[in-house]
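# Inside the fold
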Amino acid sequence: MAQMDIITTELYAPGKLFVLGEWAVLEGAPAVLIPAPGGQRGSVSYGPGDRGMEYHCSAFRGGGKIDVVGATEQVCRERFGELEGRLRLVVQPERLDHEGTKLGFGSSASAAALVAHAWAWACGCDDRDLIRDVAMRGHWDAQAGRGSGADVALSVAFTGRP
């Protein structure tokens, strides 16, 4: 195997704001969403080392109420394949809480979007539809099949390099 270089990038995944239909969307009705003023910034590196992913986020010690990172990582393995090296994702939430109170901007949705985008980037995949499907499935699995996925779809659609 050829020597692998370390490559890096930055990604930003916004949270969501429902303008209309936050609860109606759960029954199949349309909704209107816009990117929130808060989200999550991820410093991503990929290179030699043990295969797999490291995820670090000081704001969410203990994994939170659901393991969206682990669930999305599992779907990444299934859909993108195993990594050839080590993917490291260091996340810094931005404006997702106020004095320790969660604002409901979709931190779990933006985490799923970051994990799916980072894994796809490491694999050289830029298929936005596949990335959306992976993030939505990971989020869905983590939430035991609850939610509309609108927050994940918005976060994936607007995730990119800052």
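Overview of the structure. (Residues numbered from 1 in each chain as written. Predicted model: local features only at pLDDT ≥ 70, side-chain atom pairs only at ≥ 80, totals over all residues. Heavy atoms only, no water.)

What follows is about the pairing of strand β4 (residues 86-94). Across 9 bridges, the pairing between strand β2 (residues 32-47) and β4 is antiparallel. Looking at the pairing, Ser43 lines up with Val90 of β4. Relative to β4, strand β3 (residues 52-56) runs parallel, the two sharing 5 bridges. Among the inter-strand pairings, His56 is bridged to a residue of β4, identified as Val90. (Pairing = 2+ DSSP bridges. Helix = DSSP H or I, 4+ residues; strand = E, 2+ residues; numbered from the N terminus.)

One can find Gly149 in the loop between α3 (128-142) and α4 (150-158). What makes Gly149 buried here is its relative accessible area of 15%. Taking C-alpha positions, Gly149 is 9.3 Å from Ala135, a pair spaced 14 residues apart along the chain. (Buried < 20%, exposed > 50% of the residue type's maximum accessible area, 1.4 Å probe, protein only.)

Turning our attention to the pattern of salt bridges. The full count for this structure, using the stated rule, is 10 salt bridges. One salt bridge connects Arg77 with Glu73, and the closest N-O pair in it is separated by 3.0 Å. With Arg77 and Glu73 both in helix α1 (residues 68-80) and 4 residues apart, this pair spans about one turn of that helix. You can call Arg77 partly exposed: its relative accessible area is 25%. The salt bridge involving Asp141 is made with Arg137; its shortest N-O contact spans 3.0 Å. Within this pair, Asp141 and its partner Arg137 are both found in helix α3, separated by 4 residues, close to a single helical turn. (Salt bridge = Lys/Arg side-chain N within 4 Å of Asp/Glu carboxyl O.)

Glancing now at the nonpolar core. Grouped together as the largest cluster of nonpolar side chains are 36 residues, with contacts concentrated most on Val44, Tyr46, Phe80, Leu87, Leu89, Trp119 and Val134. At the level of elements, β1 (7-20), β2, α1, β4, α2 (107-123), α3 and α4 are the ones that each hand at least two residues to this core. In terms of residues, this core owes the most to one element, α2, which gives 12 residues. Formed by 5 residues, the second largest nonpolar core is a distinct cluster that contains Val25, Leu33, Ala150 and Leu154. (Core = buried A, V, L, I, M, F, W, Y, C linked by side-chain atoms within 4.5 Å.)

Taken together, 4 strands build an open sheet; the order of strands is β1-β2-β4-β3 and the sheet is mixed. Both outer strands of the open sheet, β1 and β3, are each paired with one neighbouring strand and no more. Strand after strand, the sheet turns through a mean of 25° between neighbouring axes, direction not considered. Bridge analysis of β1 against β2 gives 12 bridges, and the strand direction is antiparallel. Counted as the bridge partner of Leu11 is Gly42 from β2. Across the face of the sheet, α4 comes into contact with β1 and β2 while running at roughly 135° to β1. (Axes fitted to C-alpha atoms, helices over the stretch in contact; angles between N-to-C directions. Contact = heavy atoms within 4.5 Å.)

So, about the side chain of Ser108. Mapped onto the elements of the fold, Ser108 is located in helix α2. In this structure, Ser108 is in contact with Ile66, Val68 and His139, ignoring residues within four places of it in sequence.

Together, Val19, Leu20, Val32 and Ile34 make up an exposed nonpolar region whose accessible area comes to about 340 Å². Elements with a minimum of two residues in the nonpolar patch: β1 and β2. Examined against the element boundaries, Val32 turns out to sit in strand β2. (Patch = residues over 30% accessible without salt bridge, like charges linked within 9 Å, V, L, I, M, F, W, Y side chains within 5 Å. Areas by Shrake-Rupley, 256 points an atom, 1.4 Å probe, with all protein chains shown as cover.)

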